[in-house]
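Structural description and commentary
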Amino acid sequence: MQSKEPADLLIAPRWLLPIAPAPDTFERHGVVVDRGRIVGVGALADLEARFEPRERVLRPDHVLMPGFVNAHTRASMMLLRGLPVQGPLMRWWRETVAPAELRWVNPDFVREGTQLAIAEMLRAGITAFGESYLFPDEAARAAAAARVRAVIGLPVQDAENSSNPHSVTQLARAERLWDDYKSNPWVSLYFAPPPSYAISDAALTHVRSVADEIDARIAMPVHETEVEVRDTLSQHGRRPLQRLADLGLLRPGFTAVHMNRLDPADLELAHETGIAVVACPQSDLRLGSGWTPVARLQERGVPVGLGSDSPVTAGALDVLAEARLAAQLASARQGIEARPLSAYDALRAATLGGAIALGLGATCGSIEVGKSADLVCIDLGSLACQPVVSVAEAVLFSATRQNVSDVWVAGRAAVAQGRLLAFDEQEQRHLLQQWAARIRMTG
Ligand SMILES: [Zn+2]
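The structure displayed is predicted, hence computed values, not measured ones.

Moving on to unusual backbone geometry. Keep in mind that most residues, glycine aside, have a negative phi and that most peptide bonds are trans. Between Ala20 and Pro21 the backbone carries a cis peptide bond, its omega angle lying at 10°. Along the chain, the position of Pro21 falls in the loop between strand S1 (5-16) and strand S2 (26-27). Unusually for a residue other than glycine, Phe135 sits at a positive phi of about 45°. Mapped onto the elements, Phe135 comes out in the loop between strand S7 (126-131) and helix H4 (136-146). Its identity as a non-glycine residue notwithstanding, Arg261 has a phi of 55°, on the positive side.

Here we come to the coordination of the zinc ion. Within the protein, His72 (NE2), His258 (NE2) and Asp309 (OD) serve as the donor atoms for the zinc ion, at 2.3 to 2.4 Å. One chain supplies every donor to the zinc ion, and in sequence these donors are spaced H-x185-H-x50-D. Residue His72 is found in strand S6 (residues 68-73), and its partner Asp309 is found in the loop between strand S13 (304-306) and helix H12 (311-314); the two are separated by 237 residues along the sequence. Using a relative accessible area of 5% as the deciding quantity, one classes His72 as buried.

Next up on the list: the domain arrangement of the chain. Taken domain by domain, the chain holds domain 1 (5-66 + 373-410) and domain 2 (68-357). In this structure, domain 1 and domain 2 have C-alpha centres spaced 30 Å apart. Each partner contributes residues to the interface: domain 1 has 25 residues there, and domain 2 has 26 residues. Interface area, domain 1 with domain 2, both sides summed: about 2000 Å², of which 70% is carbon and sulfur. Looking at the side of domain 1 facing domain 2, the largest losses of area belong to Ile19, Leu396 and Arg401, adding up to 35% of the total buried there.

As enumerated under the stated definition, the model contains three aromatic pairs in all. Pairing Phe109 with Trp435 gives two aromatic rings, centres 5.6 Å apart and planes at 85°, and the pair type is edge-to-face. In this pair, Phe109 sits in helix H3 (residues 107-123) while Trp435 sits in helix H16 (residues 425-442), placing the two residues 326 residues apart along the sequence. Both residues of the pair, Phe109 and Trp435, belong to the buried class. Aromatic pair Trp178 and Phe191: ring centres 6.1 Å apart, planes at 10°, arrangement stacked. Taken as a pair, Trp178 in helix H5 (residues 171-181) and Phe191 in strand S9 (residues 187-192) lie far apart in primary sequence, 13 residues in all. Taking relative accessible area as the criterion, Phe191 reaches 0% and is therefore assigned buried. When the ring centre of Trp435 is taken as origin, the NZ or CZ atom of Arg438, which lies over that ring, is 4.3 Å away.

Turning our eyes to something else, we now look at the nonpolar core. Counting residues in each nonpolar core, the largest one holds 120 residues, and the members touching the most others are Phe109, Leu122, Phe191, Phe254, Leu347, Ile378 and Leu380. Element by element, the count of residues in this core is highest for H3, at eight residues. Here this core gathers at least three residues from each of two domains, domain 1 (5-66 + 373-410) and domain 2 (68-357). When near neighbours in sequence (up to four residues on either side) are disregarded, Leu347 contacts Leu17, Ile19, Met65, Phe68, Leu320, Ala392, Val395 and Leu396. Ala71, Ala128, Ala276 and Cys364 belong to the second-largest nonpolar core, a separate cluster that totals 16 residues.

Quick look at the side chain of Lys371 now. Residue placement: Lys371 occurs in the loop between helix H14 (343-357) and strand S14 (375-379). When residues no more than four places from it in sequence are discounted, the contact partners of Lys371 are Arg37, Ile38, Leu352, Gly361, Ala362, Thr363, Cys364, Gly365 and Ser366.

Now for the packing of H14 against helix H15 (residues 391-398). Interaxial distance between H14 and H15 falls to 8 Å at its minimum, and their mutual angle equals 65°. Compared by their axis directions, H14 and H15 come out roughly perpendicular. By crossing handedness, the relation of H14 to H15 is classed as left-handed. Residues Ala343, Tyr344, Ala346 and Leu347 of H14 lie in contact with H15, whose contacting residues are Ala392, Glu393, Val395, Leu396 and Phe397. Across the contact of H14 with H15, the residue classes tally to eight nonpolar, no polar and one charged.

Another aspect to go through is the sheet that holds strand S12 (residues 276-279). One key point about sheets: their strands pair by backbone hydrogen bonds, in either a parallel or an antiparallel sense. One open sheet accounts for eight strands, arranged S6-S7-S8-S9-S10-S11-S12-S13; its pairing is parallel. Looking along the sheet, the strands with just one partner apiece sit at the ends: S6 and S13. Pairs of neighbouring strands in the sheet enclose a mean axial angle of 25°, with direction left out of account. Along the sheet, H3 makes contact with S6 and S7, crossing S7 at roughly 140°.

Rules used in this analysis
Residues numbered from 1 in each chain as written. Predicted model: local features only at pLDDT ≥ 70, side-chain atom pairs only at ≥ 80, totals over all residues. Heavy atoms only, no water. Helix = DSSP H or I, 4+ residues; strand = E, 2+ residues; numbered from the N terminus. Donors = N, O, S within 2.8 Å, 3.2 Å for Na, K, Ca; no water. Buried < 20%, exposed > 50% of the residue type's maximum accessible area, 1.4 Å probe, protein only. Domains from an automatic or database assignment. Contact = heavy atoms within 4.5 Å. Buried area = accessible area lost by both parts, 1.4 Å probe. Phe/Tyr/Trp six-rings, centres within 6.5 Å; stacked < 30°, edge-to-face > 60°. Lys NZ or Arg CZ within 6 Å of the ring centre and 35° of its normal. Core = buried A, V, L, I, M, F, W, Y, C linked by side-chain atoms within 4.5 Å. Axes fitted to C-alpha atoms, helices over the stretch in contact; angles between N-to-C directions. Parallel < 35°, antiparallel > 145°, perpendicular 65-115°, else oblique. Left-handed = near helix turned anticlockwise from the far one by under 90°. Nonpolar A, V, L, I, M, F, W, Y, C, P; charged D, E, K, R; others polar. Pairing = 2+ DSSP bridges.

If you want it as C-alpha cells, here you go:
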C-alpha cells in the first residue's frame, strides 16, 4: 500500500464554496493545507485516502470559503470613527477630515491604527487589504508584523497641488520603500495618485513610466464623484477614464477605485483596456457620491473587487456587508446600471475580484490547489441563518461578520472558533481606549 502524504491540516466543513474555478458549492468536501498552501481540494473520502494530516478541523455547520479581500481602505482612520459624516465628499474632506488629520495623523497613529484595523478585519474574515493612506511605511510595518496580506499605496502627486503636507510623497521616496518590500511575503506596494482633477498630465505620465519600469500596479480614484467628472471634462475636455486612457495608464495593472457614474463608453473602455475596478458601496452611498454598476462591469469581464474605503464613512471594516449592499443596489438600479448581481457574484467580488484588483489573483481569492491557504469559516448553524437552501445566499443575506468562526492566513489560524488569536484582545482594547481618550480630550 502506498504511504499517505503528510500535511499540516485538513479542514472538513459542511459546505465548501471555493469561488473558482467554477461557481459550485460542495458537501462532504474538504481542503488540505501544507506549509501555508492549499495542497488538496476535493471529496473528504479522497482526501483522507491520500493525506495524513497532523491536525483536523471539523466544522459541521459551517461553510468554508476564501478569505474576504478589502480591496480599498484607509485602515488607520478607524481611530477617527465618530467624526461627523456629511457629503459631498470634497467639502467633507476639506472641512472635517483634513483638520483632524493635521492634528492627529502621525506615524504612531498610522501604525497603531492599522494594527487595530487589522484585528477588526481578521475578526470579520478579511485576510488581505489594499491600503491608501498617509505614512505608508508605517502601515506596511503593521501589516508585516501581523502577517496579513497588505497591498500598500504609495501616494504620489504634484507637490503644488497638495493641501496636506503629509500626503506629498516624492517618487524617489516611494522607490526606496519599493526596494525595502521587494521580497516581503506579506506586503506589496502600488502607486496611488490622487483623483484625476488633482494631478497633472506630466505627473501621471511620470508615474506611469516609473510603474512600467518596476512592473508596479497603479490604483487611483476614478469617477468617484460628479464634481470629478465635471471638472475633468472642463479642464481636459474628456471624462476622467478617457483622459487616463489617453495618457496610457489603463492596462491590466491598473485599478480604478469607485467608478460611479459610468456611461456606456466608460464601460467599453474598462473592458477594452483590461483594468480592474474596486467598488466601495457603503462609503460612497453614505457620502452621496453614487454607486458602481458591479454586475454590468462583471458582465463585460472586468474584475470587480469591494472595499470599505475609510472606516469613518463605511462605519465598519466589513467586506461581507459591502457585498450585501452591492447586491441590493444592483436590484435598485435603473437604466445602464440595471442588472441584478447574484449572491455568488457578490461573494466572488468580495474575494477573488478583490484579489485580482490588488494584483494577488494568483496568490489568493479562491480555494484552489497551489494558492495560499487564506480561508474563512462562516457558521450557518444558528436559527438566524436557517434553513440553508442556497449557501451563497445564506452567507450574503443571512450571515454577518459575527458568524465568522475561523480565519487562516497562509495556513496559520488567526481566528479560531470566534476567538482572535493573532492579537491579544485585551491589549487591543486598551490601545483603542487610549487613542479615543486622547482624541476626545483635545478634539
Ligand atoms: Zn476612496
